[in-house]
Amino acid sequence: MTSEALADMPAVETSGLTKVYGTGNTEVVAMKNVTLRVARGEVVALLGPSGAGKSTLLTAIGLVNPPTAGRVAIVGQPVLDGERALVDLRAFRRRHLGFVFQKANLIPFLTAAENVQIAMEINDMSPRAARHRTMELLGYLGVADRASHYPDALSGGQQQRVAVARALANHPGLILADEPTAALDSMRGRQVMELFRKVAHERGAAALVVTHDHRALDVFDRTYEMEDGQLR
Amino acid sequence: MNLAIRDIRHNFGRFALTTIGIGLLLMIVMGMGGIYRGLIREATLLVDRIGGDFWLVQGGTRGPFAELSRVPATLEDRARAVPGVASARRFVSHTIQREYRGRPLRMVVQGLAWPQDNGDWLPLIAGRPLSQAHCEMIADRSLGLPLGAQLKLGKDVYAVVGLTKGMVGTGGDGSCFFTVSDAMAIQFDQPGEAVRLERQARRARVEARDLGMVQPLLLDRAAGPGAGIPALAAPRVSAVLLTLSPGANAAAVAATCAAWPDVTVYSTQQQLKLLLAGMVDKARRQLGLFRVLLIIISTIIMALIIYTLTLDKIHDIAMLKLIGARNGVIIGLILQQALLMGALGFALAYWLGTFAFPRFPRQVVIEQRDLLVLAGIVVGISVLSSLLGLWKAMRVEPNKVLS
Ligand SMILES: Nc1ncnc2c1ncn2[C@@H]1O[C@H](COP(=O)(O)OP(=O)(O)O)[C@@H](O)[C@H]1O
Ligand SMILES: [Mg+2]
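All values reported here derive from a predicted model rather than from experimental measurement.

Caption draft 1: View of the overall build of chain A. Helices and strands together make up the secondary structure of chain A, namely seven helices and eleven strands. Counting only C-alpha atoms and orienting by the principal axes, one finds that chain A spans roughly 50 × 40 × 35 Å. Taking all 232 residues of chain A together, 55% fall into the buried category. With an accessible surface of roughly 9,800 Å², chain A has 48% of that area assigned to carbon and sulfur atoms. Here chain A contributes 26 positive and 25 negative side-chain charges, whose respective centroids are spaced 3 Å apart.

Caption draft 2: Representation of the overall build of chain B. Tallying secondary structure elements over chain B gives 13 helices and 13 strands in all. Taking 403 residues into account, the globule formula puts the C-alpha radius of gyration at 22 Å, and chain B, at 32 Å, lies well above it. Overall, chain B is about 120 × 50 × 40 Å in size when its C-alpha atoms are taken along their principal axes. Sorting the 403 residues of chain B into buried and exposed places 45% on the buried side. Put simply, of all contacts in chain B between residues at least 6 apart along the chain, 75% involve residues at least 24 apart. In the form shown here, chain B has an accessible surface area of approximately 19,800 Å², with 61% of it arising from carbon and sulfur atoms.

Caption draft 3: Spotlight on the site of ligand 1. All names here are of chain A. Near ligand 1, the surroundings consist of Tyr21, Ala30, Pro49, Ser50, Gly51, Ala52, Gly53, Lys54, Ser55 and Thr56. Measuring from an oxygen atom of ligand 1, one finds a side-chain N or O atom of Ser55 at 2.7 Å. Relative to its unbound accessible area of 560 Å², ligand 1 is 57% covered by the protein chains. Counting residues per element, the shell around ligand 1 draws most heavily on helix H2 (residues 54-61), which supplies three residues.

Caption draft 4: Inspection of the packing of helix H5 (residues 127-140) of chain A against helix H6 (residues 156-168) of chain A at higher detail. Residue and element names in this part refer to chain A. Where H5 meets H6, the closest approach of the two axes is 9 Å, and the angle between their N-to-C directions is 135°. With respect to H6, the element H5 is oriented oblique. With respect to the hand of their crossing, H5 and H6 are arranged in right-handed fashion. Across the interface between the two elements, Arg133, Leu137 and Leu138 from H5 touch Val162, Ala165 and Leu168 from H6. Of the residues contributing to the contact of H5 with H6, the split by class is five nonpolar, no polar and one charged.

Caption draft 5: Structural context of the domain arrangement of chain B. Split into domains, chain B comes out as domain 1 (3-42 + 281-402), domain 2 (72-188 + 235-261) and domain 3 (192-231). Centre-to-centre, using C-alpha coordinates, domain 1 of chain B lies 75 Å away from domain 3 of chain B.

Caption draft 6: Region of interest: the pairing of strand E8 (residues 174-178) of chain A. All names here are of chain A. Counting buried residues along E8, five of its five residues qualify, which places the element largely inside the surrounding structure. Going residue by residue along E8, you find Leu174, Leu176 and Asp178 tucked away on one face and Ile175 and Ala177 tucked away on the opposite face as well. Judged from the four bridges that link them, strand E7 (residues 97-100) and E8 form a sheet pairing that is parallel. When the bridges of E8 are listed, Phe99 appears paired with Leu176. Taking the sense of rotation as the criterion, the β-α-β connection linking E8, helix H7 (residues 186-203) and strand E9 (residues 206-210) turns out right-handed.

Caption draft 7: Geometry of the environment of Ala375 of chain B. Within the secondary structure, Ala375 of chain B sits in helix H13 (residues 368-395). Taking the C-alpha atoms as reference, Ala375 of chain B lies 72 Å from Arg205 of chain B; in sequence the two are 170 residues apart.

Caption draft 8: Layout of the interface of chain B and chain A. If you look at the interface, chain B gives 26 residues, while chain A gives 24 residues. Note on chain B versus chain A: buried area summed over both sides is about 2,400 Å², and carbon and sulfur give 60% of it. Along the contact surface separating chain B from chain A lie three salt bridges. With a closest N to O distance of 2.5 Å, Glu114 of chain A and Arg6 of chain B form a salt bridge. Taken together, the links from chain B to chain A amount to eleven residue pairs in polar contact (both at pLDDT 80 or more). Secondary structure elements with two or more residues in the side of chain B that touches chain A: helix H1 (3-10), helix H11 (314-322) and helix H12 (327-356) of chain B. In terms of residue count, H11 of chain B provides more of the side of chain B that touches chain A than any other element does, six residues in total. For the side of chain B that touches chain A, the class distribution of residues is twelve nonpolar, six polar and eight charged.

Caption draft 9: Spatial organisation of the pattern of salt bridges. For the structure shown, the criterion picks out 34 salt bridges over all chains. Among the ionic pairs, Arg84 of chain A bridges to Asp81 of chain A, the shortest N-O distance being 3.5 Å. The salt bridge involving Arg90 of chain B is made with Glu76 of chain B; its shortest N-O contact spans 3.3 Å. You can see Arg90 of chain B sitting in strand E3 (residues 85-91) and its partner Glu76 of chain B sitting in helix H3 (residues 75-80), a full 14 residues away along the chain. Judged by its relative accessible area of 24%, Arg90 of chain B falls in the partly exposed class.

Caption draft 10: Focus on the sheet that holds strand E13 (residues 263-267) of chain B. All names here are of chain B. Here four strands make up an open sheet; going across it, the order is E3-E12-E1-E13 and the pairing antiparallel. At either margin of the open sheet sits one strand with a lone partner, and together these are E3 and E13. In this sheet, neighbouring strand axes are inclined to one another by 25° on average, regardless of whether the strands run parallel or antiparallel. Direction of pairing for strand E1 (residues 54-58) relative to strand E12 (residues 239-244): antiparallel, over a ladder of three bridges. Paired with Trp55 across the bridge in E12 is Leu241. Strands E1 and E13 of the sheet are contacted by helix H9 (residues 268-279), whose axis makes an angle of about 95° with E13.

Caption draft 11: Spatial organisation of the packing of aromatic side chains. As enumerated under the stated definition, the model contains eight aromatic pairs over all chains in all. With 6.0 Å between their ring centres and 20° between their planes, Phe99 of chain A and Phe101 of chain A make a pair best called stacked. Each member of the pair, Phe99 of chain A together with Phe101 of chain A, is buried. Seen from their ring centres, Trp55 of chain B and Phe65 of chain B are 5.4 Å apart, and the 70° between their planes marks the pair as edge-to-face. Of this pair, Trp55 of chain B sits in strand E1 while Phe65 of chain B is found in the loop between E1 and strand E2 (71-72), placing the two residues ten residues apart along the sequence. Overall, the relative accessible area of 0% leaves Trp55 of chain B in the buried class. By relative accessible area, Phe65 of chain B is classed as buried at 16%.

Caption draft 12: Structural context of the environment of Val365 of chain B. Residue and element names in this part refer to chain B. The topology assignment puts Val365 in the loop between H12 and H13. On the accessibility criterion, Val365 (8% relative accessible area) is buried. Each C-alpha atom of the pair Val365 and Arg41 lies 7.9 Å from the other, and the pair is 324 residues apart in sequence. Setting aside anything within four residues of it in sequence, one finds Val365 in contact with Gly33, Gly34, Arg37, Gly38 and Arg41.

Caption draft 13: Spotlight on the side chain of Thr310 of chain B. Take Thr310 of chain B: it is sitting in helix H10 (residues 281-312). Discounting chain neighbours no more than four positions away, the residues touching Thr310 of chain B are Ile317, Ile334, Gly389 and Leu390 of chain B.

Rules and cut-offs
- Residues numbered from 1 in each chain as written.
- Chains lettered and ligands numbered in written order.
- Predicted model: local features only at pLDDT ≥ 70, side-chain atom pairs only at ≥ 80, totals over all residues.
- Heavy atoms only, no water.
- Helix = DSSP H or I, 4+ residues; strand = E, 2+ residues; numbered from the N terminus.
- Buried < 20%, exposed > 50% of the residue type's maximum accessible area, 1.4 Å probe, protein only.
- Areas by Shrake-Rupley, 256 points an atom, 1.4 Å probe, with all protein chains shown as cover.
- Lys, Arg positive; Asp, Glu negative; His and termini not counted.
- Charge placed at Lys NZ, Arg CZ, Asp CG, Glu CD.
- Rg over C-alpha atoms; globule rule 2.2 N^0.38 Å.
- Contact = heavy atoms within 4.5 Å.
- Near = heavy atom within 4 Å.
- Polar contact = N/O pair within 3.5 Å; in protein donor to acceptor, adjacent residues only side chain to side chain.
- Axes fitted to C-alpha atoms, helices over the stretch in contact; angles between N-to-C directions.
- Parallel < 35°, antiparallel > 145°, perpendicular 65-115°, else oblique.
- Left-handed = near helix turned anticlockwise from the far one by under 90°.
- Nonpolar A, V, L, I, M, F, W, Y, C, P; charged D, E, K, R; others polar.
- Domains from an automatic or database assignment.
- Pairing = 2+ DSSP bridges.
- Right-handed = clockwise from strand over helix to strand, strands pointing away.
- Buried area = accessible area lost by both parts, 1.4 Å probe.
- Salt bridge = Lys/Arg side-chain N within 4 Å of Asp/Glu carboxyl O.
- Phe/Tyr/Trp six-rings, centres within 6.5 Å; stacked < 30°, edge-to-face > 60°.

In structure tokens:
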């Protein structure tokens, strides 16, 4: 597959995703027959009440919580068929996916810059090139001056922006964000959302963002709503 | 980017304290091993150093170290007549406890077969060997006697003319070297009154018999020195030490002496075995067992430390896996840190030991071989306990980060 062909592919496409937690009495159907499609360059919100199955869907697409049934294809490549992995999931994650969560989850013993750089070095980028791109990304996200600080010396908003920089490190085709702004004030929250939009539009990535924040919905190209494990 | 180094740099205080703890623990393990080796070294030191080929001891005994042995001093002359024997020396050894300047002084009195042996084979660190047949001694440094010190033992005063280093008896007490006759004088010294009473008793015994009645001259003899009475035995020594002439048939010499009913022959090797398998055996096993326990306990402690350090990082490991880090990155983080901790702890233990161990009252012998084994154990523990942590780390689900 050439990169042009890849570019035409949807960033993510799922069909019939179902997730059942536990068995027998404790069985919970967290996600039922979810089929969705996000194109490259698109920023899509995923809305829904707590317990609707949003995180379950996101982690299934994120290749860390395989579905009980259904298929996932990312950047045109089939990756999951039910619980069965069709590719090396960890390698696929580091090449094509970027994650952002409610908490920044930065590694506490690495500086802001190192937290971003490690993601690139893991993906076999040379340390020199990685340092260069890290500074560029931190500059793009407006935290270049905090590069050599440890996470505990950064504000919540700064931490989250470093986490976004880390998610963008390897030019992912798809960014998955699970309530990324829940811990931020509305202004900072909006900034982060706009950042996803900017990245998606300028760099051709897609973003699927779980959010409760209805004030920032205008940032998104499209929204999905989820309830009781199903998309509406 | 080396994650282990960065983690250490960021949590330096914790790393340093943990490493110091491991270092102190390893120092104790090292020291226990050294005490164990020291016990063996001290037990065998004299037999090793004195350099004879065969020991003639009292028949049927396992002397002169493991038990008491008495042989006549004239055995020396008999042994010299055996073909293949280059020299025979009397060996006298016993432990005495006296006082010097108000503190107890426990020392092993060793006799040197003057004049063939003046102690020039001793590891002297100051002074000189013996140069006269009486009233001189060579003392071990551990006794704390200065060069030139005067010591009254028995009826004579002895001057310290030489100092040795590390010459101790099987019990760890410092050795003192005298000529054989001085050593025996110290051993058999009796107060004048005891001598007078013994002569009186002897005279009374002779008077009570017919012999004393018909030969009154005998009464005068009985009241004189014991050495002047033919029927009384010559003073006895602990053992006689044989040195073979070059090319002599050792088996033949041993067979000849073994045929004498009043003595038993041991080679130097057998003598060493008697010491280790008999005399210090229980102490050795006691220390050996304790040492094994210490190693097991420190293994568990180190394993726990490294395991908990890994558990502390489980969240970060989950994050690393989520962003796609290979197992090698995670293994490197845990294993490098564990190995570094083990290596630094080991070095610290060794370094502290060089200050602490020489101050112990008995020898602490740190052998290269023991160090290597301990180093191997430390590496093994570091790897094993990291594996334990890794086993946990490899199982951690990346979506743990979400909750
Ligand atoms: N590991 C799990 N084991 C069992 N049930 C789970 C697990 N994770 C989530 N669930 C259940 O699945 C449902 C969906 O959860 P989740 O996807 O976290 O919802 P949301 O993110 O929309 O709040 C909930 O009822 C939740 O209790
Ligand atoms: Mg959720």
